[in-house]
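Okay, here's what each chain looks like letter by letter:
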Amino acid sequence: MEAIKVHEGQIVALMNDNIDTDQIIPKAFLKRIEKTGFGEFLFDEWRYLPDRSLNPDFSLNDPKRQEATILITGENFGCGSSREHAAWALLDYRFRVIIAGGYSDIFYMNCTKNGVLPIHLPKDVREKLAALTPEQRVTIDLPKQLVKSPVGDYPFDIDQVWKHKFIHGLDDIGITLGSHQDALQGYEDKYDQQYN
């Protein structure tokens with residue numbers, strides 16, 4: 001998992017409430033077995049017109065917001081099914097941070113386990129951030145747990161275990177491999193001696 005300590009980026013806003021995982025990544029695109037390649041289909045039904053051309057009225061298609069790595073959105077983001085593909089699609093598109101009013105529990109955990117930092121902020125703050133121009137940047141200072149912006153600095157809460165994992169780029173597999181490296185290497189050496 002790529003570490004997040006201080007992340008500076010452009011924002012794009014999609015202020016709808018109750019965006020479910022089927023809207024994030026429709027079920028028609030869940031056939032891949034890799035974690036990559038889903039970004040093309042993120043918010044597919046909103047991003048594209050019936051002829052698969054880009055919908056000019058959809059915020060992610062704004063030519064001035066094509067560098068956005070921070071998504072500002074509404075309440076209850078990621079509700080619906082438990083598909084991990086939703087987090088994969090957001091990361092594959094290029095989002096590293098999501099700022100919402102709330103998340104479904106499973107979606108929140110899927111984000112944290114896949115390197116997408118989910119932040120809770122109140123509606124009035126999100127509305128201020130959503131109004132920023134494309135040139136204005138937002139900085140997420142994870143060690144200080146602070147969202148810094150031209151319209152103010154806003155503290156956020158995060159579980160300290162997840163904070164540590166994000167800062168150090170640790171996922172569950174990496175932690176397991178790191179803490180059992182000697183035992184794993186010993187097993188592989190013994191296997192090689194026995195069968196090679």
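Residue positions are counted from 1 within each chain, in the order its sequence is given. Only residues with pLDDT of at least 70 get local features here, since the model is predicted, and only at 80 or more are side-chain atom pairs given and counted; chain-wide, interface and lining totals rely on the full set of residues. Only hydrogens and water are set aside; all other atoms, that is, all heavy atoms of the structure, feed into the side-chain values.

(A) Geometry of the overall build of the protein chain. Working definition: helices are DSSP H or I runs of at least four residues, strands are E runs of at least two. Numbering for both runs from the N terminus. In terms of helices and strands, the protein chain carries eight helices and seven strands. Its C-alpha atoms give the protein chain principal-axis dimensions of about 65 × 45 × 30 Å. Exposure is judged per residue with a 1.4 Å probe applied to protein chains only, and the accessible area is read against the type maximum: over 50% gives exposed, under 20% gives buried, and values in between give partly exposed. Within the span of the protein chain, comprising 196 residues, buried residues form 45% of the whole. Put simply, the protein chain shows about 10400 Å² of open surface, and 52% of that area lies on carbon and sulfur atoms. The charge count includes Lys and Arg as positive and Asp and Glu as negative, but it does not include His or the ends of the chains. Charge positions are represented by NZ for Lys, CZ for Arg, CG for Asp and CD for Glu. The protein chain carries 22 positive and 30 negative side-chain charges, and their two centres are separated by 2 Å. All accessible areas in this document rest on Shrake-Rupley with a 1.4 Å probe, and a residue is counted as covered only by the protein chains that are shown.

(B) Seen up close, the state of the cysteines. Working definition: a disulfide is two cysteine sulfur atoms within 2.5 Å of each other. All chains considered together, the criterion is met by zero disulfides. Between cysteine 79, a free cysteine, and cysteine 111, which holds the nearest cysteine sulfur, the sulfur-to-sulfur gap is 13 Å. By relative accessible area, which is 14% here, cysteine 79 ends up buried.

(C) Structural detail: the pattern of salt bridges. The term salt bridge refers to a side-chain nitrogen of Lys or Arg lying within 4 Å of a carboxyl oxygen of Asp or Glu. Scanning all chains against the criterion turns up six salt bridges. Arginine 52 serves as the salt-bridge partner of aspartate 44, at 2.8 Å between the closest nitrogen and oxygen. By relative accessible area, aspartate 44 is classed as buried at 7%. Of the residues examined, arginine 52 reaches a relative accessible area of 41% and is grouped as partly exposed.

Any functional reading would require information beyond the geometric quantities listed.
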